[in-house]
Structures are given as C-alpha cells and as structure tokens.
Amino acid sequence: MLSELRTIWEVLKHTFTKAETVQYPEEMPYLSPRYRGRIVLTRDPDGEERCVACNLCAAVCPVDCIALQKDTREDGTWYPEFFRINFSRCIMCGMCEEACPTYAIQLTPDFEMCEYDRQNMVYEKENLLINGVGKYPDYNFYRVSGMQTATKDKGQAKNEAAPIDPKSLLP
Amino acid sequence: MPTIYIDDQALEVAQGENILEACLNAGMDLPYFCWHPAMGSIGSCRQCALVQYQNEEDTKGRIVMGCMTPVTEGARFSLSADNAGEFREAVVESLMLNHPHDCPVCGEGGECHLQDMTVMVGHRDRRYTGKKNTHRNQYLGPLIHHEMNRCITCYRCERYYRDYAGGKDLAAQASHDHVYFGRHEEGVLQSEFSGNLVEVCPTGVFTDKPFLKHYSRKWDLQSAPSICSGCAVGCNIAPGERYGRLKRVHNRYNHEVNGYFLCDRGRFGSGYINSDARLDYAGIKKPDGSFMAVHQQQAIDTAVGWIKNKKVAGIGSPRASLEANYLLRELVGAANFVPGFSDREAAILSTIVRTLKTTTAANPSIKQMEAADAILILGEDVTNTAPRVALGLRQSVRNKAFELAAQMGLPQWQDAAVRNLAQDQRSPMIIVSAMDTRLDDVASQCISLPADDIAAFGYGVAKALSGEKMDDEAVNQVADILFAANSPLVISGTSMLHEGIINSAVAVAEQLHTSGKSSMLSLCVAESNSLGLALLVDDGQSDRAASIPKLAKRASKLDAVIILENTLERRGASGEIQQLFDADSKVISMDILENTTLGNSDLVLPAASYAESQGTLVSSEGRAQRYFPVYQPSAERLPSWQWLLKLAAGCECSELAELEYFDQVVAACANSQPALAQLVDVAPLRDYRNQGLKIPRQTHRYSGRTAMNAGVSVHEPQQPKDTQSPLAFSMEGLNRDEPASLIPYVWSPGWNSNQSLQKFQAEVDGPLKGGTSGAHLISSDGLGAVQPQVSVTANLKPHQWHLVPVHRVHGSDEMSINTDEVAELAGRPFIAIGEKLAEKLGVVEGDGLLVTQHKAEFSLEVKILSRVAKNCVGFSAGYSETLELQPGDLVTLVKDESWVYPTPTMIATDRGAAHV
Amino acid sequence: MSELMPVLLALTILIGGVAGAAILTWFERRLLGVWQDRYGPNRLGPLGIGQVLADMIKLLFKDDWVPPFADKVVFIFAPTAIVVAMMMGFAVVPFAPGMMIIDVNIGLLFFLGMTSLAVYSVLLGGLASNNKYALLGGLRSAAQMVSYEVFMGLSLMGVVMMSGSFSLVDIVEAQTDVWFCFSQILGLIVFVIAGIAESHRLPFDLPEAEHELTAGFHTEYGGMKFAMFMLGEYLGLMLISCMIVTLFFGGWHGPALIGHWLPPLFWFGFKVFIVICFFVLLRAAIPRPRYDQLMSLGWKVMLPITLINLVITGAVLLWMEGAA
C-alpha cells in the first residue's frame, strides 16, 4: 500500500519535469551511425559491389524478407544476380549486417521510408546499392579471400604464399 | 556382442566394428574426415581421436584413433576427456592453417563437413601468423569444379575415385604439405561416377559445377524424395529446387540400391528440366503446321471432342510413370493400348517378364550383387547401360580381398591393409561382349564375340555346367569358375536387342541353381519404367501385344491416337510411324520437351517432368519406387496422369472419372493386375502424418519466403497445398524417423553436410531407420525359365559388318542429352571399329566413315576400340543422328573423303573463367 | 421559471455531459502526458484540443458493423444502457443550492441503483459479442461490479448515519461546517476505490485488460457503438467524481474562510476537477492488479474496513447522543 502511495507521489512530481518528446519532424532527432534504419548494399574501395551472394543475410533474417540469387562474373567471382529486400516485412533487427562476411549489407540512420503503395516497399538491388563503402572504409573481401579474381592471382591474397608447383621435387 | 565403455557408459556393440562406428551407432558426435562408411578407415586425418584406458584404474590413458581401433570386450574409452578434445581441436586448427578465407563464395558452404567439424571441436581463432599455401586449380570438365586451396588432404577423393570407382585419372601428387589432388594435366574427368566427388569431399575442393552456376545454399533448396529416370536401375535421388528451377540432384541413400553414390547421368542429367525446349502451354496445330497456344481447359475440350465416344488408341511409354500408362490403357481400352516399345524390345521385355516370374535364380539388388563371388556378363556394357550396377560390380570383385582379409583376421574396414594384402587379386568376372566395356579393367577374362555367338557361348556354359564337356575350352573354363563360386551372378540385358543372349543368360543362371548355387540373375532393361510397362501389359500369354507398326497400319480406321511421353522416332519402324501421322486420325501427344512426335501431333499437352509430378517406376530389379514432386509445375504444365484424368472426366469415362487422388489411381492400378498388387505398399499414402505433421520439403532454415515473390507482388501468395502426397511445400513438419521413401533431405543438428545421413541410418552403413524404400513387384514361382536355344547364323557378304550398339552414359539417354553439360560430354555420334579394320580402311580416330545400311548413308566419326569381335562395328546408340541404325543390321563401310573435321565446341563451360 | 429549471438543467447536463466526456478524453491524455514526461495530443488546434473533434469525426464515419456471429439486438442495446444509466445518475446530483434536476429523499439510493444498472451494459455487451475475449471481459466485469457494489453502498452508510438522510441536499447541508472527508476517512477510501472499480477505469480495468483480453467486453465493438462505451466510461468517471465531492467534500461549499468569495457552483466544479485529476493520476501511476488480487482486496480488505467504519461511526454517534 505504501509503495502505491509512493508511486503516486513520484508520478505527481513529474508534473514539474520537462517532456522528453522530440518534436519530429520540426525537430530532427540525433541518430547515431550505428542506428538500425534503412538497409543498403555498399561497394568496396575499388567501387565493386561488395555483396558476394553468400546468402547468409537471407538465412539469418528472422522474417525471411531477403531473397537473392548468386551469379558469377567473368573472372569467377560471385555477385548477386538479384537482391531483394521486402521492407514491408523488415523489422530492422540488423542481424543481416551482423551475418555479412563482407560488410556489404549495412543499416543506415534513415528510417523515413513510408510509401502509399506497399509494392514500393520492395527494394531491388538497384535501390539498395549505394556508391560508397558505408561504415567500413577499407575492407575488400576478395583481397583477403583465397579465390582467384581478374585482378588477383593465386597466392596474392592477404597472407598467402605463391602457388605450389606439385611437379617440383623441392621440399 | 562385446561391451565397451565410453565415458563410463556401457555400450553393446557389434563384433568387428571400430570405435568410430560404435560411437556413431550410439548417437555420439565423434568428428571424422577420412573415414567413409562405404570406403572404410585409413586413419589419415587423425580427427576421430579419443582416449583409451587400460582398465578402470587407469586415469591417464592414451590417445587412439576411433576409426582404426576395433572394439574389444571391456575396452574403456573417453570421448570427452580433455586431452582428446584438445587433440581434435588441434587437428582442425592445423587443417585450417592453409584453408582460404572463402566460405562465402564456396559451393560447399552450409553443407560443409569441415565447417561442421570445426564447430564441433570448438576451434575458432587462427593463431598461426605464417603464410597460407596456395594451389592452382584444374579444369576438370563441365561437371566438376576444382578449388584445390580448400583441401584438407583427407584422401577421400583419391580413395573414392581410384579405389572405389576404378577411375585412373585423378590422384594424389607431390608430397608433404604440397600434396595435390587432381589430374596429371587439365581435362575432363573420365569416370562415369566423377560426380560423387562432390559428396565424398568433406569440403569444397570438388563442387557441382552446373549447380554452382545457379547456386543456392542447401538450406534454401526445396527437396523431395525422387527416383532417377536416367536408366532402369532406379537410384534414389533428392533433387533440390529454388525459384522454380531444378538446381541440383543429390544422392538419396537407399541401402539396397544406390547406397551413397550415383552415376553422372543421374546427378547431372536433369538439366533438361530447366531447358528452353520445355513446353509451357498446350498447343493446337494450325493448318500451316504451326501451333497455337491454348489454355488447359480449351485443350481438354478439344481433345474430348476428338475422343469422346470415338475409336481411340493409345501409345504408352517406358519413360512415363506406371500410373500414367495405366490411366491411358484404361481410357482407350486394353485392346487399343500399345505399350510404346519397339517391336524387338517388346519381344525381349515380354521374355524378361516371363523369366523373372518363373526363374529359380534370385533377381538381386545392387547390395546383393556386391556379395557375388563370381560374375558372368553376357553382352552388356553395364557401365553405360546400368551405370550404378557397374559400380556395385567393381565392389563385388573385391570379395576375394575380403576373403583373404578374413583369413588373416583383418576387419573389412581396414581399407589400406585389405587392399595391400590383396594387391591385384580379384574375384572372377568374365565379360563376354562384342566390344570394349568399361569394366574390362577389373575383369578376369574378356571374350569378344558377335551377338549370336555370345548367345551360343552362354548356352555352352550352361551345358558345360550340367557336366557336358564342350569343344570350346574357354566355355569349359568359364563353367569351372562359376561352378567354384558360392553365389555366382549372371548379368545380361536388352542393350544388344538380342533375345538369344537373354535366354542363354537365363540358362546359365538356372543351371547354376540346379548345381546347388545360390545363383543370381540380373537383366538390365533400357528405360526407367520399361519393366513396369512390360508388367502392366503382360497378360500371361507369350504372344506379342499390339505393336506400334500394327497400330499405324490401322490408323486410318481410328478417330484419334493419344501418345504418352513417347518419341516414336526412337522406336524404329519409321515408315509406319510416318503413316500414323499422315493418317486422318487426330494425334494427341503429351510430353516434357519438344520432339519430333510432338511436332507431328495435332494437339500437344505440356507434361510435368519427374521433378514436378509423382508416379511409380519399376526398376530392372522389379522394385517399384515412388517419386514425389519437388515443386509445383509452372505455367500450364500438368503431370500426365492428371491430363489423362481430365480427359477421362471429359469423356465421362465412368470408372476413371471418379478418381481424384493419386492414391486412388495407384489403388486402381494395383487392382488391375495381380503382378502390380504390391503397388499400394510402395510408399505411404497421402494421409500419412509424421507425429501429426506432413513431411516438409523445405529446411527449417528456408530463407526469403516473404521476399522471393515480392518482386512480382508484395502480397504474399499462400504456400501451394499438396493434397496428393504426405509431403508439404513448406518448412513446417517433421523430417525425422519417417519411412525411407519419404525422406526429402538429410539434416541433423550440428550435421549440416550430407554426413548427417548417419543420423537417419539405423546403424552405420545399414538400412535407414524407416526401412528400405520401394516394394518388390515380381515374385518368382521358381519353376524355372529355360528357353531352348535357337541357333542363328548370319550370312555376311564381303565388306559387310554387323552393327553393334555402343551405349554411352552421356549421350544414349533421350532426356539427359538435352542438358548442356551432358550434350558437351556426349560429343558427336560415332562409329566404333577395331584397330585392324581401321588400318584396313585407312582411317584414324577422328576421321569420318561413310556407313551404308540398305539405302541410307551416314557419315560418322571414327572411334577406335581395343577389343572388337569379328565382323562387328559399333555405333553410338541412342544418339538422335543414328536412330535409324539398328543392332544386328549389316552395313558397309567406306572412308569419308569429304569428312569435315568439326572444331571442338564448348557448349556448357566457360572454360576460361569458371575453373579459376 | 422554477418549473422550467429542471428541464433546462437536464438539457444542459445532457449536452454538457457528452461534451465534457469528449473533452475529458483529450484532457486525460494531455494530463497523462504531463506525468509521463511527454506531450500527448498536441497537433490539432490549440493545445491539441482539436483532437477531440478529429476523434469524433473518425468514430462517426466508421463502418457501423455488427459481427455476423453476435446477438444483434443485445449487441446494439448494450452500449446505450451504460450511457442512459450514467446520465440518469446525474439527475440527483446537487451542483449548487437549488441547482439540481430533482431532489428526492432517496437520492443516494437512486444513484446506487443507476450505477448498478451500468453493469448490465458491460455484461450484455460481452455476452452478445459471442467472442471468448468479450465473454471473459463480461464475466470479469459482472463479478467485479457486483462485489464492489456491496462495499460502495456500505461505505456510504456512515455518511447517511451522520447526516441522517438519504437526500443528497441534506448530506451537503450537513457538511456546512465540517466535511465528511475527515470524519468518514475510511468510508472515503473505500468509496474511491470502489468507484474506480465501478467505472472500471485503470488500474481496475480488468474487463478490458487489453494486454490479456485484447479489449475485453468491447473487443467486437467499433464506430459509434464503441464511442458509446467510452462515453459511458467518462460519464461514469464524472458521476463518481461528483458523488465523491457531494458526499465527502462538502458539495458546493467552499473552504471555511474563502468559501464565500466565489459562487457555490464554482467550488463544486473545482472540486470535481481535482477529483478527476486524481483519478487520472491513479491511472498514470498504478499498474493493473491481477484478477484474484482485485477480488481478495475487495472481500478481505474493503469489506472489513467498511464494517469497522460502520461500527465506529455508530458507536461515536450513540456516544455523542448519550453525551448530548
């Protein structure tokens, strides 16, 4: 009983405190760079799509709102043939960003994405892809990965030795 | 039954097992890499380490390898001991030293045994700071992608490819940490079973190249239990679909049939299902010969108008399901139904059915064939006509090795030791054929004879077995070898289209049985449902059923003909067939791909492929097995049985019109023939539920459900409902402990790769927990099936040769050839001749030969074989260019001086890029 | 003139009551905003008062829908019952000297009777909806209101004993010197709590309990029928507030020294306003109890308190009589 009375008193004291409300949209709130808003696909420092279509974001998505199909470039590297996020289902949980092994998928501090037509909430790759590196400026997956690409031969990735000649008898 | 203790838990284990098998049988998770249930142990990866203690007092113990340690009474082990765990983790850590950072772009990711084991042992952080070894990859053909950097040197690939499948062109090279698994130079892998490398490799060194082109992760594939339609062996497969496209075919374990392995036709030959030549809509032929697309109902109305209360005949198909054939037969009446074989094949098949119903010899499964200790193959290149059987035969010749090992007290799973002990000693396998076969390398004796002589040879062996002394010493020798065996196996088949050969094989098998052997007789047939169709039309009388030419002759008296999934061009008698199309009767055809028969029809109906429909196929073993739709047919395709039901409903065909569910069709079909009565037991009916739930076709991780269709409309469609089978197009349900014929894919917590199969097996390498799928339709009355010898001697003019069909895994099959990769491997049609003849004709391999048969002339590429019977030349059987050449026909050969050497073409592979 | 007075007053109450309830919805949300450190509706019109109009427009234009599975007649009748009952309750409220619709000598009993009728509205609404949430809500409200009706009536007996009359005017007159809120403090506490329970407002809104029962008895209601329930609830809030002021806080009497500075009607209105604010404060501060807690509070705490109050009041009165 006393605790109820105390609660009433504590609440009553709030008569004299200031409202926390931010008067959006007249007053824009501060959103940190780590805010989980609209999802984008970024590019690596060389300007190529970072996404390698590994499907991990789609697998981890709790509402299954990411669908993509892998395709292969001339040099054998992977990229998504299509990449679709259904934002009318997205809950902005950020698990896709956590799962992404190439920093391709990132959440941004933009949440103003209302539409009058639900169909417009479906973003295809061209809607998602930005011309930038996002939060991770230096990372390029294919420079680290052992896969051979047009610009990088076997043995030229990070921490790799030159290819072995199996026909050599040298130790 | 020894008792062993693992972490103080007492386990009853089978005598002769090793500890790894014992642990896996007990449901414990002991990591492993190099051990494979079909290939035994070599102890090379050091992953299945556990601690063995001397006795109860011993607290220290010593580390042993589970796969190399046999179980002994009272032995004590610890799986959870700290030092064993650390050891296993250290092994994975060192395996990972050179592992490239490429899981996101690896075709194995998500079903990688290495990923599973790494997680299982708890290895996480890389401590080694040195450089990683790298390797150059090889181009291994259009089927297999090579990425050598990912190798963990478990040697499974080499042991499978060379030791198990008998391949010659893949091996371990170099030494220490330079070990390299590949060919001596880049090139197409020669083995017909190379695709199994994909499943054997515990990581992503060998991956499925066609799958990689339109890759999806395992968890995103929608799968269903299915049966391969590539040949009559009836291997169990698990095709996977995503975005309406059949992405890949994986092996589905069947203890008695295919075990862990498929042939390359089965694994890679389903690409035709995604082909542009698929029919999407029904079409009615316009007067100008082109087709007008019409909707389902319109097509049915048109067809009903043509067939209702009219004189209609039907042509069935050995590549359509038993149910579809049955429905067509009921629709048109048994008297008007033609099974759709060529005349020669129909005669042989009726002999085979009669034989199987009466023979005293057993009709073995592949598992049983692997136990044979002497094999006689009469006139069949098994590797190319029933490939998976040949892989089994390669194992059966090892029975000699196992016998020797048993004498030495060696367990069978001690693979390296057993092979070392036996060296080249094998169980006898005698091949009597007209030409090279792909089993020659493991045969103890190869005898080259023309078709008629093969039959005579077989009868000779049978006589010799009965005690008669034959003139031909080779015959007596073979008879002696078979007589010395306990369970001899005789194999023959329809590929030579020679009834005498089959009968002679039957005679040998029967005589062996009379001699007190548990003899086995396996007769290969051509197509996936040849035997089922033969059973359906078998009325117990030996006389010929209606044949296509007979039907064609009375075509003008008919109002309409319905053709079920059959390309008549492939059934011989081209003149009569043209008569059929030229007659005034309407021709209604349903098929999967565009073909000449469809082009000549008045109404074409788009049929669903095996991956989009359900049905029953009867393998050459007499095993009826059900395949289920992997996904819903797109556009206006329908399974043939549904087309036929709709036609029957339109015609108010009283009995058929009541059928609505597939199960009802199966029941009606089973009732129609005593031989088909077992059909209802083939697979559970549609009301089967596993713990109250349907079996899910999708994995529990199936992704993108709310986005995959959002590109078309954001309003999500309902999941398709499957009212016809116990499976669901959904991730809801229970994929565990279901009957074997309903397992759509294998997965178990912590085991994402196909190694999770062991969680579905009742015991390691044993049958599945849900039993064995399929039901045997044919039971023999054991009265004996010997046919008298009919001696034939052909009169050859000078410069005339007998044509012998040469079958190819890639190329001879009608459907799989429409897959780009298979077409590339099939190459061009050819004429196969011996070295001497080549010399005489002045041609070398790759030259052209003019082959003249009657009046027709063909210009074909020359292939030179090492072993060819007298007066025989081979031709590429089943290739569309050589369909008119018939086995046994006489031809003349002349060098084609105007032969144009075709430039090598790369159809399916982007050789420059895809293999790097 | 004096004959017309009740009629005019009745019309005023009818219109004022509805308008007051409407404004109260806005006022309550603003006040909750103040105590929860936010603004509440502030977009439409000055201070967001236009929100009332917007809500009304919205409710008016909603589809007048009756679920096909509901009992149609009862479903439509239920929301009207609460409004009628609450409006009738206002008939006996003395706003100022002579300013009341009717002064009956059983005014208090009339008020109790009318509030009891309100339970039918909720119960019938819940039952007629033919929906499990609504049914549960209806059942809860029946049990809750029947229980608290008992203490509500008994808690007022002290007041009646002290004023010696059931007439509300007499009760107000009896408080000219000292308000009953001092002598009848136990009665006040019980009456306030029972009043909240009777008007099923937070924290005692178990019949609605949107976290457990979706929306309880009015789950299936929408549009104007829903608005009637809301109207009934806010009328109930006002009525209970009026009665608290009348019975315990001296009705139209102002405070002792400054009471005559302003007209009685002002004092009445002012006190009612304070009580309403107090009810909103309760809503802002106290969480909803569990249902069993609500019932045990009623029967194990409230009932003994009222009985003790009756005994003490009676004893004191007898003693004073004896002393006199």
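In this text the structure is predicted, and so the values were computed from the model without any measurement.

Q: Would you mind going over the pattern of salt bridges with me for this structure?
A: Should the charged atoms of two oppositely charged side chains come close, the side chains can pair. All chains considered together, the criterion is met by 52 salt bridges over all chains. For B:Lys357, the salt bridge goes to B:Asp538, with nearest N and O atoms at 2.6 Å. Taken as a pair, B:Lys357 in helix 10 (residues 343-358) and B:Asp538 in the loop between helix 19 (530-537) and helix 20 (548-553) lie far apart in primary sequence, 181 residues in all. Note on B:Asp538: relative accessible area 15%, which makes it buried. The partner of C:Asp55 in a salt bridge is C:Arg29, with the nearest N and O atoms 2.8 Å apart. Remark: C:Arg29 occurs in helix 1 (residues 4-35) and C:Asp55 occurs in helix 2 (residues 50-61); sequence separation between them is 26 residues. Taking relative accessible area as the criterion, C:Arg29 reaches 33% and is therefore assigned partly exposed. Residues participating in the shared-partner salt-bridge network are B:Arg159, B:Asp163, B:Arg398, B:Asp415 and B:Arg419.

Q: Would you explain the environment of B:Glu857 in this entry?
A: Residues and elements named next belong to chain B. Examined against the element boundaries, Glu857 turns out to sit in strand 35 (residues 856-865). Residue classification places Glu857 among the exposed positions, given a relative accessible area of 53%. Through-space distance from the C-alpha of Glu857 to that of Thr892 is 9.5 Å; in sequence the pair is 35 residues apart. Excluding residues within four positions of it along the chain, Glu857 makes contact with Leu850, Val851 and Thr852.

Q: What am I meant to see in helix 14 (residues 399-408) of chain B here?
A: Each α-helix turn comprises 3.6 residues. Residues three or four places apart therefore point the same way. Residues and elements named next belong to chain B. Inspection of helix 14 places Asn399, Ala401, Phe402, Leu404 and Ala405 among the buried residues, and these make up the whole buried set. Buried residues along helix 14 sit in contact with helix 13 (387-396) and helix 15 (415-422). Positive phi appears at Gly409, one or two residues downstream of helix 14, with a value of about 75°.

Q: Looking at this structure, I do not really get the pairing of strand 16 (residues 291-294) of chain B. What am I missing?
A: The two faces of the sheet receive side chains in turn, since in a regular strand these alternate between them. All names here are of chain B. With four bridges joining them, strand 15 (residues 282-285) and strand 16 adopt antiparallel strand pairing. Residue pairing in the sheet places Ala282 in a bridge with Val294 of strand 16. In this structure, the hairpin formed by strand 15 and strand 16 is closed by a connection of five residues, where Gly289 is found at a positive phi of approximately 95°.

Q: What should I look at first to understand the environment of C:Ala85 in this one?
A: Residue and element names in this part refer to chain C. With respect to the helices and strands, Ala85 occurs in helix 3 (residues 72-89). Along the primary structure Ala85 and Pro41 are separated by 44 residues, whereas in three dimensions their C-alpha atoms are 30 Å apart. Beyond its immediate chain neighbours, meaning those up to four positions away, Ala85 contacts Met114, Leu117 and Ala118.

Q: Would you explain the interface of chain A and chain B in this entry?
A: For interface size, the figure often reported is the accessible area lost on association. Opposite the 51 residues of chain A that make contact, chain B presents 53 residues. Overall, the association of chain A and chain B removes approximately 4100 Å² of surface from exposure, summing both partners, and the carbon and sulfur fraction of that is 51%. The interface formed by chain A and chain B contains four salt bridges. Note that A:Lys154 and B:Glu147 form a salt bridge whose closest N and O atoms lie 2.4 Å from each other. Counting across the interface, chain A meets chain B through 26 residue pairs in polar contact (both at pLDDT 80 or more). Counting only elements with at least two residues in the side of chain A that touches chain B, the list comes to helix 2 (56-60), strand 2 (66-72), strand 3 (78-86), helix 5 (141-144) and strand 6 (160-163) of chain A. If one sorts the elements of the side of chain A that touches chain B by residue count, strand 2 of chain A sits on top with seven residues.

Q: Is there a simple way to think about the interface of chain C and chain A in this case?
A: In this complex, chain C contributes 12 residues to the contact, which on the side of chain A involves 16 residues. Taken together, both faces of the contact between chain C and chain A bury some 1300 Å²; the carbon and sulfur share is 60%. With a shortest N-O distance of 2.8 Å, A:Glu26 and C:Arg43 are connected by a salt bridge. The tally of links from chain C across to chain A stands at six residue pairs in polar contact (both at pLDDT 80 or more). Those elements that place two or more of their residues in the side of chain C that touches chain A are helix 1 and helix 11 (264-285) of chain C. Of the residues forming the side of chain C that touches chain A, the biggest block, four residues, is contributed by helix 11 of chain C.

Q: How do you make sense of the sheet that holds strand 37 (residues 890-895) of chain B when you look at a structure like this?
A: Sheets are built from strands paired through backbone hydrogen bonds, the pairs being either parallel or antiparallel. Residues and elements named next belong to chain B. One closed barrel accounts for six strands, arranged 32-36-33-35-34-37; its pairing is mixed. Adjacent strand axes in the sheet meet at a mean angle of 45° when their direction is disregarded. Relative to strand 36 (residues 872-876), strand 33 (residues 830-834) is paired through two bridges, and the arrangement is antiparallel. The residue of strand 36 that forms the bridge with Ile831 is Phe875.

Q: How do you make sense of the nonpolar core when you look at a structure like this?
A: For soluble globular proteins, nonpolar side chains are generally found buried alongside one another. With 161 residues, the main nonpolar core has B:Leu393, B:Met429 and B:Ile562 as its most contacted residues. For this core, the element with the highest residue contribution is helix 16 (residues 451-465) of chain B, accounting for nine residues. Residues from two domains meet in this core; each of domain 2 (361-384 + 396-518) and domain 3 (801-895) of chain B gives at least three. Membership of the second largest hydrophobic core comes to 88 residues, among which are C:Val66, C:Ile82, C:Phe217 and C:Met243.

Q: Is there a simple way to think about the pairing of strand 28 (residues 623-627) of chain B in this case?
A: All names here are of chain B. Burial within strand 28 is extensive, with five of its five residues counted as buried. On strand 28, burial covers both faces: Arg623, Gln625 and Tyr627 on one face and Ala624 and Arg626 on the other are all buried. Taken together, the four bridges between strand 27 (residues 615-618) and strand 28 define a ladder with antiparallel strand orientation. Paired with Leu617 across the bridge in strand 28 is Gln625. Between the end of strand 27 and the start of strand 28, which pair antiparallel, lie four residues, with Gly622 showing a positive phi angle near 80°. Where strand 28 and strand 31 (residues 775-776) come together, two bridges link them in antiparallel fashion. Its bridge partner lying in strand 31, Arg623 is registered against His776.

Q: Just to check I follow, could you spell out the sheet that holds strand 26 (residues 603-606) of chain B for this structure?
A: Residue and element names in this part refer to chain B. One open sheet holds the seven strands; their spatial order is 16-15-26-25-24-17-18, and the pairing between them is mixed. A single partner strand is all that each edge strand has here, and the edge strands are strand 16 and strand 18 (337-338). Relative to strand 25 (residues 586-591), strand 24 (residues 560-564) is paired through five bridges, and the arrangement is parallel. The residue bridging Leu564 from the neighbouring strand is Met590, located in strand 25. Set on the sheet, helix 9 (residues 322-332) makes contact with strand 17 (312-315), strand 18 and strand 24; between it and strand 24 the angle comes to about 170°.

Reading the values: the criteria
- Residues numbered from 1 in each chain as written.
- Chains lettered and ligands numbered in written order.
- Predicted model: local features only at pLDDT ≥ 70, side-chain atom pairs only at ≥ 80, totals over all residues.
- Heavy atoms only, no water.
- Salt bridge = Lys/Arg side-chain N within 4 Å of Asp/Glu carboxyl O.
- Helix = DSSP H or I, 4+ residues; strand = E, 2+ residues; numbered from the N terminus.
- Buried < 20%, exposed > 50% of the residue type's maximum accessible area, 1.4 Å probe, protein only.
- Contact = heavy atoms within 4.5 Å.
- Pairing = 2+ DSSP bridges.
- Buried area = accessible area lost by both parts, 1.4 Å probe.
- Polar contact = N/O pair within 3.5 Å; in protein donor to acceptor, adjacent residues only side chain to side chain.
- Axes fitted to C-alpha atoms, helices over the stretch in contact; angles between N-to-C directions.
- Core = buried A, V, L, I, M, F, W, Y, C linked by side-chain atoms within 4.5 Å.
- Domains from an automatic or database assignment.

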